[in-house]
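Examining the three-dimensional arrangement
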Amino acid sequence: MTLFTPQPGIMEIALYEGGKSKIAGRDDVLKLSSNENPLGVPPSAQEAMVAAVGRVHLYPNTDHAPLRAAIGEVHGLDPERIICGVGSDEVLQFVTQAFSGPGDEIIHTEHGFSMYPVLTHMAGATPVRVPEAERVVDVDAILNAVTERTRIVLLTNPGNPTGTMLSDAQLVRLADGLPERVILVIDAAYAEYAAGYDGGAELATERPNVLMTRTFSKIYGLGGLRVGWGYGPKEMIEVMTRIRQPFNLSDLQMQAAEAAVRDPDWARDCAALNADQRARLTGALRQLGLACDDSQTNFVLARFADGGEAAAADTALQGDGIIVRRVGGYGFPEGLRITVGDEDQTGRVIDALTRWREAGA
Ligand SMILES: *Cc1c(COP(=O)(O)O)cnc(C)c1O
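Everything quoted here is computed from the prediction, not taken from an experiment. (Residues numbered from 1 in each chain as written. Predicted model: local features only at pLDDT ≥ 70, side-chain atom pairs only at ≥ 80, totals over all residues. Heavy atoms only, no water.)

**Describing the domain arrangement of the chain**
Interfaces are often sized by the accessible area lost when the parts come together. Counted only if it meets this: For each domain, the first and last residues come from an automatic or database assignment. By the convention used here, residues are in contact when the closest approach between their heavy atoms is within 4.5 Å. The quantity reported as buried area is the accessible area (1.4 Å probe) lost by two parts once they are put together, taken as the sum for both. For this analysis, a salt bridge means a side-chain nitrogen from Lys or Arg found within 4 Å of a carboxyl oxygen belonging to Asp or Glu. Distance and chemistry together define a polar contact, namely a pair of N or O atoms within 3.5 Å, with one atom able to donate a hydrogen and the other to accept it when in protein, and with adjacent residues in sequence counting only for side-chain atoms on both sides. Secondary structure elements are defined from DSSP: runs of H or I of at least 4 residues count as helices, runs of E of at least 2 residues count as strands, and each element is numbered from the N terminus.
Domain parsing of the chain yields domain 1 (17-40 + 265-360) and domain 2 (43-262). Each partner contributes to the interface: domain 1 provides 24 residues, whereas domain 2 provides 23 residues. Roughly 1900 Å² is buried in total at the junction of domain 1 and domain 2, and carbon and sulfur atoms are behind 59% of that figure. Looking only at domain 1, the three residues that lose the most surface to domain 2 are Trp266, Gln296 and Tyr330, adding up to 31% of its buried area. Our count for the contact surface shared by domain 1 and domain 2 stands at one salt bridge. Salt-bridge contacts for Asp293 lead to Arg135; the nearest nitrogen and oxygen are separated by 2.6 Å. Summed over the shared surface of domain 1 and domain 2, the result is 10 residue pairs in polar contact (both at pLDDT 80 or more). Secondary-structure elements contributing two or more residues to the side of domain 1 that touches domain 2 are helix 10 (266-287), strand 11 (299-303) and strand 14 (332-339).

In structure tokens form, the structure reads like this:
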């Protein structure tokens, strides 16, 4: 690297390793490692894409107005304060890139999303990792880590891979405790699975320094399409819009997302199925003697005695054609993160773990 010197921080970024999706010799693989929607793509979104497919010789609109209007209508938010991105990952990139640089610090929590340090290094800023308390975000630890250099706090609420969340009161306490010059980003990718939670929308409406990010990848079943959005103060959105590529979203992406968000039953049905199967899976794991917190998301973090036992269970599950997520990289070598599937899929996981337990007993 003598001819071309990468920008500061870039060489700190490890190359992304995608999750496994195949098991040699099996065609009945059940992938429960990426928190994908067991009900698949909403039919409404599929129809919208089919209808739009003959128009892709045309450049898409650049202001995302129809999609922002739909999101605004459904969520009761001002469309002028919404920005859309290639997944919420891109919205997170807008905020880190627009508001931080070399010499600045970005705080994330111990078990926070693996993209946060990557996005921080992409901006040339310095990631600051603060501890959680028993797998729950620790508001005081965040506040104690704030320095003159802090520009942004990246918070996943509910958390991934913990599945736990801060109450509204704790979120307010965090927002109150931060200097107004520090942006609080509430990454609410799993908001729809947490009953009664607005994803931080109210805080982002009221405060000058709070940004909420949301995604179509989880409850809306469009992870492969890559659409997300952010909602925050108008000035902040206007700054981020300057670094957004005008054609970042294709018409297919926007049409599908608009149809999905306007589909009155989809999100509700998915949330109901998830709540039922999540309770069932959590109960079954505990019956098998595995620790797991109550989850507010579409996955459950099962904790085993140690890393060796988690690895053995993972191997057993793969032997049954089931792929779940090892989460050692998130600070849980003893954990397996299991996406909540439909009734049959959840049954398959419970049966496989039951057999594994019985074989070891
Ligand atoms: C899945 C997930 C997202 C969504 O990312 P997209 O880029 O919208 O697919 C964001 N944050 C967290 C913590 C997630 O787990």
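Having put the structure on the table, let's press on.
**Points about the site of the ligand**
Note the threshold: Near, as used in this document, describes a residue that has one of its heavy atoms within 4 Å of the molecule or strand being considered. In these tables, accessible area is a Shrake-Rupley quantity obtained with a 1.4 Å probe, and a residue counts as shielded only by the protein chains included in the view. Amino acids are sorted into nonpolar (Ala, Val, Leu, Ile, Met, Phe, Trp, Tyr, Cys and Pro), charged (Asp, Glu, Lys and Arg) and polar (every other residue, Gly among them).
Neighbouring the ligand are 13 residues; Ser88, Tyr190, Thr215, Ser217 and Lys218 lie closest to it. Between an oxygen atom of the ligand and a main-chain N or O atom of Asp89, the distance comes to 3.0 Å. Thr215 places a polar side-chain atom, nitrogen or oxygen, 2.5 Å from an oxygen atom of the ligand. Protein burial of the ligand: of its 390 Å² of free accessible surface, 93% is covered by the chains. When grouped by side-chain class, the residues that make up the shell around the ligand number three nonpolar, six polar and four charged.

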